[in-house]
Amino acid sequence: MTPTEHSASAAGAWPALRLAIAGIGLVGQRHADAISQVPGLTLCAIVDPSDAGKEEAQARNVACYGDLQQMIEAEAPDGIILSTPTKLHVAQGRQCLDAGIPVLIEKPLADDLAAAASLVERSEQVDVALLVGHHRRHNPLIRKAHEYITQGRIGDVRAMQATCWFYKPDAYFDVAPWRKQGGAGPISVNLVHDIDLMRHLCGEITSVQAQAAPSARGHENEDVAAALLTFDNGAIGTITVSDSIVAPWSWEMTAHEYPVYPTTSQSAYQIGGSHGALSVPDLTLWTHEEVRDWWTPISATSVLRDTSDPLINQMVHFAAVIRGDETPLVSGREGLRSLAVVDAIQRSAKSNELIRLEEGGANVALASMREKKETKMTNQAH
Ligand SMILES: NC(=O)c1ccc[n+]([C@@H]2O[C@H](COP(=O)([O-])OP(=O)(O)OC[C@H]3O[C@@H](n4cnc5c(N)ncnc54)[C@H](O)[C@@H]3O)[C@@H](O)[C@H]2O)c1
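Turning to helix α3 (residues 51–59), its buried residues are Gly53, Glu56 and Ala57. Burial along α3 is one-sided: seen end-on, the buried residues are contained in an arc of 100°. Summarising the geometry of α3, the exposed residues directed more than 90 degrees from the buried face are Asp51, Ala52, Gln58 and Ala59. Structurally, α3 contributes buried residues whose contacts are with α2 (26–36), β2 (41–47) and β3 (63–65). Just downstream of α3 lies Asn61, where phi reads positive at about 60°.

Written out as structure tokens, the structure reads:
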């Protein structure tokens, strides 16, 4: 059953779920559009203190609040989507959890790893669902790539390379100045999506070594970065990101997911295995025709997959989680693991050192927190 079919059958059996959105900017509006397309869901309120937010709420004919807590008390929604600036995610996520309301928090989960870890721990303590908006995992083409890899269609995964290059215009930064400030650079804002997919497709990341260059436009962040990654299965990954390179190789331009981006027929990821290779998102499978030998012909097969909007699929899934029918595909802990890798990339880019992530998984964030504490204590001791 597809997610949409799932929602249609569930919708008949359940009363409509009332969802609220905090932050009705660029991505919040897309969530509102997604809600309007899922049977059995209704947008009950918007939280946004800006004039543009109030106008957006008026246009959508829903109540607008300037404050999240006020909205929670007045509306008691069934679920909340937080698409506010990243710096607000932890405090606002905590408000949702404390009110016992399941929350879907946009990526990245936070701009601070330790605070993100405590938010995830809180969600586990109070047993209220926390989902992270890594919506690409809800794209059918990622489901297909994951299926091919886990079925062994390319053999053992040995390497993955990912390219995340595009040019964000000055206006993108000028309309929302937080995008120029520390913590909102392409490593944090963009790379975290790709890291999440690398982990999803290839396994846990156990170490990173990174380099970055400061923004040529004078923002508080990097504008180009590269990282060398190792996975727990022995595979090696490379990834580069830039918001200041003109190029056709990014998920945005190759996945055909969001019509505001022009499309190219290139791919953004190459995954190499002992028996074949897969490029994503174009989903081309490369294998030698008879024997594995670089002197024998190699052929490409286009992998068939369905197309559907991952943001709508994610909303359908959020509703199923609220109703208790599904467990989160990208839980708070999953979002935390991707954030821990991004945090390690940032630290490695600053220190030029290789950073190991303990067990690459469950303990990764806590290990990183411990390391930070130890560094602080060492610094204090000197
Ligand atoms: N999943 C994705 O592909 C994707 C894409 C873009 C952005 N994002 C993430 O979504 C978040 C928002 O990004 P954006 O580009 O939409 O930002 P934006 O600046 O366009 O929108 C943020 C909105 O939040 C509002 N806001 C500010 N303070 C608020 C408060 N206290 N309470 C409620 N609303 C408040 C602002 O007025 C604005 O309307 C970021 O975390 C970003 O990383 C995710």
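Once that is clear, we can look at the packing of helix α5 (residues 89–98) against helix α6 (residues 113–126). Working note: a packed helix pair is described by the angle between its axes plus the distance between those axes. Taken N-terminus to C-terminus, the directions of α5 and α6 make an angle of 5°; their axes are 10 Å apart at the nearest point. With respect to α6, the axis of α5 lies roughly parallel. The segment α5 lies against α6, with Val90, Gly93, Arg94 and Leu97 engaging Ala115, Ala116, Leu119, Arg122, Ser123 and Val126.

Turning to the environment of Asp33, a few remarks are in order. Here Asp33 lies in helix α2. On the neighbour-count criterion, Asp33 (15 C-beta atoms within 10 Å) is partly exposed. Each C-alpha atom of the pair Asp33 and Leu311 lies 9.3 Å from the other, and the pair is 278 residues apart in sequence.

With that settled, the discussion passes to the site of the ligand. The environment of the ligand is formed by 24 residues, the closest being Gly23, Gly25, Leu26, Ser50 and Glu106. Across the shell around the ligand, the residue classes tally to 11 nonpolar, 10 polar and 3 charged.

Across the protein chain, pLDDT averages 91, with 90% of residues at or above 70. Segment residues 1–11 is flagged for pLDDT under 50; beyond a separation of four residues in sequence, or across chains, it makes 20 contacts in the model. Confidence over residues 360–373 falls short of pLDDT 50; this stretch has 27 contacts with residues more than four positions distant or in other chains.

One open sheet holds the 6 strands; their spatial order is β3-β2-β1-β4-β5-β6, and the pairing between them is parallel. Lying at the two open borders of the sheet, with one neighbouring strand each, are β3 and β6 (130–132). Looking at each pair of strands side by side, their axes are set apart by 25° on average, direction ignored. Inspection of the sheet shows strand β1 (residues 17–22) paired to strand β4 (residues 79–82) by 4 bridges, in the parallel sense. For Ala20, the partnering residue across the bridge sits in β4 and is Ile80.

Further remarks concern the nonpolar core. Grouped together as the largest cluster of nonpolar side chains are 102 residues, with contacts concentrated most on Ala116, Ile271, Met315 and Ile345. Both domain 1 (3–135 + 311–329) and domain 2 (140–307) contribute no fewer than three residues apiece to this core. Discounting residues that sit within four places of it in the chain, Ala116 has contacts with Val90, Leu109, Ala110, Leu336 and Leu339.

Contact geometry of α6 with helix α12 (residues 332–351) gives a least axis separation of 10 Å together with a crossing angle of 170°. Considering their axes alone, α6 and α12 lie roughly antiparallel with respect to each other. Contacts from Leu113, Ala116, Ala117, Leu119, Val120 and Ser123 in α6 reach Gly332, Arg333, Leu336, Leu339, Ala340 and Asp343 in α12. The residue inventory of the contact of α6 with α12, partitioned by class, reads 8 nonpolar, 2 polar and 2 charged.

Reading the values: rules and limits
- Residues numbered from 1 in each chain as written.
- Predicted model: local features only at pLDDT ≥ 70, side-chain atom pairs only at ≥ 80, totals over all residues.
- Buried ≥ 20, exposed ≤ 12 C-beta atoms within 10 Å, placed from the backbone.
- Helix = DSSP H or I, 4+ residues; strand = E, 2+ residues; numbered from the N terminus.
- Arc of directions from axis to C-beta.
- Contact = placed C-beta atoms within 7 Å.
- Axes fitted to C-alpha atoms, helices over the stretch in contact; angles between N-to-C directions.
- Parallel < 35°, antiparallel > 145°, perpendicular 65-115°, else oblique.
- Near = placed C-beta within 6 Å.
- Nonpolar A, V, L, I, M, F, W, Y, C, P; charged D, E, K, R; others polar.
- pLDDT = per-residue confidence, 0-100.
- Pairing = 2+ DSSP bridges.
- Core = buried A, V, L, I, M, F, W, Y, C linked by C-beta atoms within 7 Å.
- Domains from an automatic or database assignment.

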